[in-house]
Amino acid sequence: MTRSAWAITAALVGLALVAVWFFGLDPRHGVVLVGAACAAGIANGVLEAVDIPRIVLPRPPEPERGLADLQALEFSLASTDPGMRAVLEVHTLARSVAAARPGTPRSDALDAFVAEPRPSGLTHRELQALGAELERIVLSPAPHPTSTRHQEAP
């Protein structure tokens, strides 16, 4: 056991002795209480020394985002001040749209906005332009993967 485990054991035994004195327990019950405190401290030290692999839970899936999110965001941006929360929401939406549609043409402003790790504050016009472009990308038909067509020889 480590030094800290012994210190915890000593503290538990000390607390048990104070409890025996404070509550005026008879000697048999006092020995049981002090023994339980000693056993708890030793068990703590043993468990602290055990090194076993722990289960790592998988990350929860990202929520699906789509046109309804963009429309709800446009409604919330109708206020007089967009605020940082709206900018961060647009940034999250822009990243997910850019990842979902990598082949769709985008403006330089949207590419720069997506590339920022933490976006700075934007004006209503900038947010409106980004929202309109994101809506255009989401509503555009998904590009189909290019298929190779084979011609058979007669």
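Novice: Give a description of the overall build of the protein chain that names residues and reports values.
Specialist: From N to C terminus, the protein chain includes six helices and zero strands. In the protein chain, the order of α-helices and β-strands from amino to carboxyl end is α-α-α-α-α-α. Long-range contacts, defined here as pairs at least 24 residues apart, represent 68% of the contacts in the protein chain between residues at least 6 apart. By element, 64% of the accessible surface of the protein chain is carried by carbon and sulfur atoms, the whole surface being about 11900 Å².

Novice: Outline the nonpolar core, supporting the account with residue identities and numerical values.
Specialist: In this structure, Val 90, Ala 94, Leu 110, Phe 113, Leu 122, Leu 130 and Leu 134 are the most contacted members of the largest nonpolar core, which totals 13 residues. Of all the elements in the fold, those that place two or more residues in this core are helix 4 (83-100), helix 5 (108-115) and helix 6 (124-139). The biggest single contributor to this core is helix 4, with five residues. Residue contacts for Ala 94: discarding those within four places in its chain leaves Leu 110, Phe 113, Val 114 and Leu 134.

Novice: Please provide a residue-by-residue account of the side chain of Glu 133, values included.
Specialist: You can see Glu 133 is positioned in helix 6. Excluding anything up to four places from it in sequence, Glu 133 contacts Arg 106, Ser 107 and Leu 110.

Novice: Pulling in residues and values, what's your account of helix 2 (residues 27-49)?
Specialist: The end-to-end C-alpha separation of helix 2 is 33 Å, in line with the 33 Å expected for 23 residues at 1.5 Å each. When we look at burial in helix 2, the residues that qualify are Gly 30, Ala 37, Gly 41 and Gly 45. Packing partners of the buried residues in helix 2 comprise helix 1 (3-23).

Novice: Please give an account of the confidence of the model for the protein chain that cites residues and values.
Specialist: Overall, the prediction assigns the protein chain a mean pLDDT of 81, with 82% of residues at 70 or greater. Ignoring residues within four places in sequence, the model shows residues 147-152, a span with pLDDT below 50, making zero contacts including any to other chains.

Novice: Describe the pattern of salt bridges, and please don't skip the residues or the numbers.
Specialist: Scanning all chains against the criterion turns up two salt bridges. Across the pair Arg 106 and Asp 111 runs a salt bridge, and its minimum N-O distance is 2.8 Å. On the basis of relative accessible area, Asp 111 is assigned to the partly exposed category, the value being 31%. One salt bridge in this structure joins Arg 136 and Glu 133, with 3.7 Å as the shortest N-O distance. Placement of the pair is Arg 136 and Glu 133 together in helix 6, with a separation of three residues, close to one helical turn.

Novice: Outline the packing of helix 5 against helix 6, supporting the account with residue identities and numerical values.
Specialist: Following both chains from N to C, one finds helix 5 and helix 6 inclined at 95 degrees, their axes separated by 10 Å at the closest point. Comparing their axes, helix 6 and helix 5 come out roughly perpendicular. Of helix 6, the residues touching helix 5 (which contributes Ala 109, Leu 110 and Phe 113) are Leu 130, Glu 133, Leu 134 and Ile 137. When the residues that make up the contact of helix 5 with helix 6 are grouped by side-chain class, the tally is six nonpolar, no polar and one charged.

Novice: Describe in detail helix 5, supporting the description with residues and values.
Specialist: Three or more residues of helix 5 are buried, namely Leu 110, Phe 113 and Val 114. Down the axis of helix 5, the buried set is contained in an arc of 95 degrees. They therefore lie on one face. Looking at helix 5, the residues exposed on the side facing more than 90 degrees away from the buried face are Asp 108 and Ala 115.

Novice: Account for the environment of Ala 86, naming residues and giving values.
Specialist: By secondary structure assignment, the location of Ala 86 is in helix 4. Assessed through its relative accessible area of 9%, Ala 86 is described here as buried. Residues Ala 86 and Leu 127 lie 41 residues apart in sequence; the distance between their C-alpha atoms is 8.8 Å.

What counts, and where the lines are drawn
Residues numbered from 1 in each chain as written. Predicted model: local features only at pLDDT ≥ 70, side-chain atom pairs only at ≥ 80, totals over all residues. Heavy atoms only, no water. Helix = DSSP H or I, 4+ residues; strand = E, 2+ residues; numbered from the N terminus. Contact = heavy atoms within 4.5 Å. Areas by Shrake-Rupley, 256 points an atom, 1.4 Å probe, with all protein chains shown as cover. Core = buried A, V, L, I, M, F, W, Y, C linked by side-chain atoms within 4.5 Å. Buried < 20%, exposed > 50% of the residue type's maximum accessible area, 1.4 Å probe, protein only. Expected span 1.5 Å × (residues − 1). pLDDT = per-residue confidence, 0-100. Salt bridge = Lys/Arg side-chain N within 4 Å of Asp/Glu carboxyl O. Axes fitted to C-alpha atoms, helices over the stretch in contact; angles between N-to-C directions. Parallel < 35°, antiparallel > 145°, perpendicular 65-115°, else oblique. Nonpolar A, V, L, I, M, F, W, Y, C, P; charged D, E, K, R; others polar. Arc of directions from axis to C-beta.

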